[in-house]
Amino acid sequence: MSELIRRVNSKPGSPFAAPRASYSPFAKSSKTMLKRIAPLHANRRTPPPPPPRPPPPKKTKKQLEMEEKWEMELEESVEGWYAMDDGERAALRRAKREAMLGVDD
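What counts, and where the lines are drawn
Residues numbered from 1 in each chain as written. Predicted model: local features only at pLDDT ≥ 70, side-chain atom pairs only at ≥ 80, totals over all residues. Heavy atoms only, no water. Salt bridge = Lys/Arg side-chain N within 4 Å of Asp/Glu carboxyl O. Buried < 20%, exposed > 50% of the residue type's maximum accessible area, 1.4 Å probe, protein only. Helix = DSSP H or I, 4+ residues; strand = E, 2+ residues; numbered from the N terminus. pLDDT = per-residue confidence, 0-100. Expected span 1.5 Å × (residues − 1). Lys, Arg positive; Asp, Glu negative; His and termini not counted. Contact = heavy atoms within 4.5 Å. Patch = residues over 30% accessible without salt bridge, like charges linked within 9 Å, V, L, I, M, F, W, Y side chains within 5 Å. Areas by Shrake-Rupley, 256 points an atom, 1.4 Å probe, with all protein chains shown as cover. Axes fitted to C-alpha atoms, helices over the stretch in contact; angles between N-to-C directions. Left-handed = near helix turned anticlockwise from the far one by under 90°. Nonpolar A, V, L, I, M, F, W, Y, C, P; charged D, E, K, R; others polar.

What follows concerns the pattern of salt bridges. Throughout the structure, instances matching the rule amount to 3 salt bridges. Of the charged contacts in the structure, one is a salt bridge between Glu-67 and Lys-59, with a shortest N-O distance of 2.9 Å. Taking relative accessible area as the criterion, Glu-67 reaches 26% and is therefore assigned partly exposed. Overall, the relative accessible area of 46% leaves Lys-59 in the partly exposed class. One salt bridge connects Glu-73 with Lys-96, and the closest N-O pair in it is separated by 2.8 Å. In this pair, Glu-73 is assigned in helix H3 (residues 61-77) and Lys-96 in helix H4 (residues 86-101), connecting sequence segments 23 residues apart. Overall, the relative accessible area of 29% leaves Glu-73 in the partly exposed class.

Here's what the structure looks like:
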């Protein structure tokens, strides 16, 4: 009787089958991949935030004079300069600077 029970339990679909270590080519690779992942401990702190960007470099006296000259030219050439809001003026200043310096921001 015990022989018969052993044979039935050895079938793959039996719920009473003894667990066997099955070979899987993925088992070893997944274990090695899990070892490479840093453990997440309770006392592990989050990394600090990245440092802030450095401030833009200061404009030289020559650059300030050049931008003031461009501003005067724009005031004379553009109709309704004083009625424009700051965003429109900034866009025109940027376009003037790119045209004069050939810079693509």
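For the protein chain, per-residue confidence averages 79 on the pLDDT scale, and 70% of positions sit at 70 or higher. Mean pLDDT across the secondary structure elements of the protein chain bottoms out at helix H2 (residues 25-36), with 66, and peaks at H3, with 91.

Let us look at H4. Between its first and last C-alpha atoms H4 spans 22 Å; for 16 residues at 1.5 Å apiece the expected length is 22 Å, and the two agree. Looking one or two residues past H4, Gly-102 carries a phi angle of roughly 70°, positive in sign.

Turning our attention to the side chain of Arg-89. Following the sequence through the fold, Arg-89 ends up in helix H4. In this structure Arg-89 is buried but unpaired, with Asp-86 as the nearest side chain of opposite charge at 4.7 Å. Those residues in contact with Arg-89, other than ones at most four positions away along the chain, are Trp-81, Tyr-82, Ala-83 and Met-84.

Right, let's talk about a nonpolar patch on the surface for a bit. On the surface, Met-1, Leu-4, Ile-5 and Val-8 cluster together into a nonpolar patch covering about 440 Å² of accessible area. Following the sequence through the fold, Val-8 ends up in helix H1 (residues 2-9). The class for Val-8 is partly exposed, based on a relative accessible area of 47%.

Let us now look at the packing of H3 against H4. As a packed pair, H3 and H4 sit with axes 10 Å apart at the nearest point and diverge in direction by 115°. Classified by chirality, the crossing of H4 by H3 is right-handed. Along the contact surface, H3 presents Met-66, Trp-70, Glu-71, Glu-73 and Leu-74, while H4 presents Leu-92, Arg-93, Lys-96, Arg-97, Met-100 and Leu-101. Class assignment for the residues of the contact of H3 with H4 results in 6 nonpolar, no polar and 5 charged.

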